[in-house]
Amino acid sequence: MKKQVILTIMEGSFQQGFPLNLEIREDLTPFSLIWGDVGRLPALGDIEILDSLREWQSNFKRNNDDSIPRIKVQGEGAKVFNNIAAQNLASNINQWLNSNEKSWRKILDGLQQHLQPNDEIRVILQTDDANLRRLPWPAWNLFSETYHNSEISLSTLTVKPPSFKPSECRKSAVRILAVFGNNDGINISFDRQVLDRLAERGAEIKPLNKPKKAELLECLRDEKGWHIFFFAGHSSTLPDGQIGEFEIGDSESISIDDLKNAMKIAIAKGLQLAIFNSCDGLGIANQLAKLYLPQSIVMREVVADEAAQKFLQDFLTAFANNQSLYTSVREARRKLEDAKNKELPGISWLPVICQNPAVEPLRWKQLLNWKCLHTLTDHSDVVKSVAISSKENIIASSSLDKTIKLWNLSTGELLHTFTGHSSAVIAVAFSPDGKTLASASNHELFDGSIKLWDVANKTFKQSLGNALVALRTSCLAFSPDEQTLANGHIGTTLIGATIDIWNLKKSKIEKTLWGHVWEVNSLAFSQDGRILVSGGLDGAVKIWNCYKEELLHTLNRPVDFFGALASWFDSSVGIICCVAISPDGKTVAASGLQQPIQLWNTENGRLLRTFTEHSDSVYTLAFSPDGETLASGGGDNRIRIWNFHTGELLETLEHLGPVQSVVFSCDGKTLVSGSADTTVKIWRVPV
């Protein structure tokens, strides 16, 4: 589970302690409170944290009091590090934070009771105290050792969301304003090379080499706006810890206050992240936080040039490959520790995220628009269903024109056309190994309405459920074990539709799930194959334990037969056309005729949120493989992309007719849609 821990530390002192407030929330917007309490950080007593902090910091002071940050640690004149200082500091921090003082112990107990070792945890430490902000909180072993998927960030006490909506800031490229300042004694050309490689991931970089203040101000006010502000060069924080300066030229230093009006404009236009790959940046981060910038990444202390380079390269590689901001920083810090900690003890404590708690952490792909790369036009009637092979670079599409077509996912080239159904082909699905394609039709005479096809040889394999008259099969879903195929259909009686579970090795129905009053329109398996979700003409969404043939929850309808039958006439509920289940199996989405999109918790059936932006029926839903977004398509000719955790509508794409089907590729970079306008479209986000 993703969780957010906010530790708000009020005004206090190391001599008297610090009053604080703790909140543990589900890391979903709106944040659902799991547990909270008030307590107190204990006084230091005889624990010499501040002395050990200064001793550790002395490792990062500039040699001979020179003016060159990003210090030299190799070759002639190299810095000699005190290896014991980092150990002493970590020991003192953990002695303090493992105190048994009563008001602090209840906070520790609450953390351990409500956090699990495998949770993905964002810890936000809110404080204005400069010394608390200076402490290397990643040394706290509660999180570094017990909760391996955690990352600690800083925040100021005063926060508010920025004025822009992230969805309004999506562009065809990730726009980065990169300032390369005074490089005396350091190699920032490496930083430039790392940034330039981001062009392959959809970045547009505007480099400024030792700009004058006027040039920088003008660029910050650019009408197109920026997503990321980057600086490499020399910087420092003033003794009070509140203000930072950075050297944009050989003889010109400025602070964020010198840029605040232009920076406010940039933030209003969508600036979401600042990266200062320079020294001693906590003062800069503090000033940016007062402008309510969503997030920044800085170094706590003076940093070795080679360490700054390695962190930047590893962070941007992970981030541009669509890891979350927190995961990217955590991975880059750990790689830095593995590579450099022996010669630079405590080096992995230097990079720190400064986070506005009112904002969701940034993801690279959420800055980019989806683009239609190919429109495929070989079908002659409505395209009802599309599927993508997880193993092969192949799309399958089915149509009311009674055909199934295979396409190259990358190029859009038509590879083959299957014929053999005598009526409209309603659904297609690839087996997990990509070797078999299943298709379902409206009805068949002297045959089954489900057909299996050999994808590699492009041949017909067999029909399932041969009958004199095989009625409509409305939906198909392969289980992850590749041996099972589920189908929903109209049923053989006027009431009482079933879900059939086929054993494909034996070509026979192995299980039958009863519960829907009318035709089953949509099916989806969880990734582990245990959960099957179904939606039907009766307006019900049902969650099944497929292994036990057990109905776990009925959503959107009464559970009893007669109640469900009566509610079928309630037009305010309507028909369910589509269901989907998130990759982690925790969220079910469903929608249909006269329906909003509704999301439920799989385990308890609780309604999580509702999306109402479609102006017509919703026919199709698909979760992205990374579990971050949901795609929907409907009768308003629109595809909508959602951050389903926050409810934010990220983007809207268009067809010329109702959208019948959408599906993500296994890497999440491609979306394929089928429409009543007879086309298949291939959309791609450039990441």
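The residue numbering used here restarts from 1 in each chain and proceeds along that chain's sequence as written. Local features in a predicted model are, by the rule used here, given only for residues with pLDDT of at least 70; side-chain atom pairs are given and counted only at 80 or more, and totals for whole chains, interfaces and linings are based on all residues. Hydrogens and water molecules were not included; the side-chain quantities draw on all heavy atoms of the structure.

**Student:** Would you mind going over the overall build of the chain with me for this structure?
**Tutor:** Working definition: helices are DSSP H or I runs of at least four residues, strands are E runs of at least two. Numbering for both runs from the N terminus. Scanning the chain from terminus to terminus reveals twelve helices and 44 strands. Note that the radius of gyration is over C-alpha atoms, with the globule rule given as 2.2 Å times the number of residues to the power 0.38. The globule rule puts the C-alpha radius of gyration for 687 residues at 26 Å, and the 29 Å found for the chain is close to it. C-alpha atoms of the chain, sized along the principal axes, occupy 95 × 55 × 40 Å. The cut-offs for exposure are 20% and 50% of the maximum accessible area for each residue type, with area from a 1.4 Å probe on protein chains only; residues under the lower value are buried, those over the upper are exposed, and the others partly exposed. For the chain, the proportion of its 687 residues judged to be buried stands at 60%.

**Student:** What is the right way to read the packing of helix α6 (residues 189-196) against helix α10 (residues 305-320) from this model?
**Tutor:** Each pair of packed helices can be described by the angle between their axes along with the distance between the axes. Between α6 and α10, whose axes approach to 10 Å, the crossing angle comes to 5°. Classified by the interaxial angle, the pair formed by α6 and α10 is roughly parallel. Facing Phe-190, Asp-191, Val-194 and Leu-195 of α6, the residues of α10 in contact are Gln-309, Leu-312, Gln-313 and Leu-316. Amino acid classes used here: Ala, Val, Leu, Ile, Met, Phe, Trp, Tyr, Cys and Pro are nonpolar; Asp, Glu, Lys and Arg are charged; the rest, including Gly, are polar. In terms of residue class, the contact of α6 with α10 is made up of five nonpolar, two polar and one charged. For helices, the fitted axis covers only the stretch in contact; all axes are lines through C-alpha atoms, and the angles between them, taken along N-to-C directions, range from 0 to 180 degrees. Roughly parallel means an angle under 35 degrees; roughly antiparallel means over 145; roughly perpendicular covers 65 to 115; every other angle is labelled oblique. Residues are treated as being in contact if the distance between any of their heavy atoms lies within 4.5 Å.

**Student:** Quick question: what am I supposed to make of the pairing of strand β43 (residues 670-675) here?
**Tutor:** Looking along a regular strand, one sees side chains alternate from face to face of the sheet. Taking burial as the measure, the six residues of β43 include six buried ones, the bulk of the element. Residues of β43 alternate between two faces, with Thr-670, Val-672 and Gly-674 on one and Leu-671, Ser-673 and Ser-675 on the opposite face, all of them buried. With five bridges joining them, strand β42 (residues 659-664) and β43 adopt antiparallel strand pairing. Paired with Val-662 across the bridge in β43 is Ser-673. Only when DSSP finds a minimum of two bridges between them are two strands counted as paired. Connecting β42 to the next strand, β43, in antiparallel fashion are five residues, including Gly-668 with a positive phi near 75°. Inspection of the sheet shows β43 paired to strand β44 (residues 680-684) by five bridges, in the antiparallel sense. Its bridge partner being in β44, Val-672 is matched across the sheet by Ile-682. Hairpin connection from β43 to β44: four residues lie between these consecutive antiparallel strands, with Thr-678 at a positive phi of about 75°.

**Student:** Would you mind showing me how to read the packing of aromatic side chains here?
**Tutor:** To describe a pair of aromatic rings, you give the distance between the ring centres and the angle between the ring planes. Planes of paired rings set the category: under 30 degrees apart is stacked, over 60 is edge-to-face and the rest tilted, where pairs are Phe, Tyr or Trp rings (Trp by its six-membered ring) whose centres lie within 6.5 Å. Taken as a whole and judged by the stated rule, the model has 21 aromatic pairs. The interplanar angle of 80° and the centroid separation of 5.2 Å between the aromatic rings of Trp-140 and Phe-143 together place this pair among those described as edge-to-face. As far as the burial class goes, Trp-140 and Phe-143 line up, both buried. These aromatic residues form a ring-pair network of at least three members: Phe-14, Phe-18, Trp-96, Trp-104, Trp-137, Trp-140, Phe-143 and Tyr-147. In this arrangement the basic side chain of Arg-122 is found over the ring face of Tyr-326, its NZ or CZ atom lying 5.4 Å from the centre. In this arrangement the basic side chain of Arg-175 is found over the ring face of Trp-226, its NZ or CZ atom lying 4.1 Å from the centre. Whether a charge sits over a ring depends on NZ of Lys or CZ of Arg being within 6 Å of the ring centre and within 35 degrees of the ring normal.

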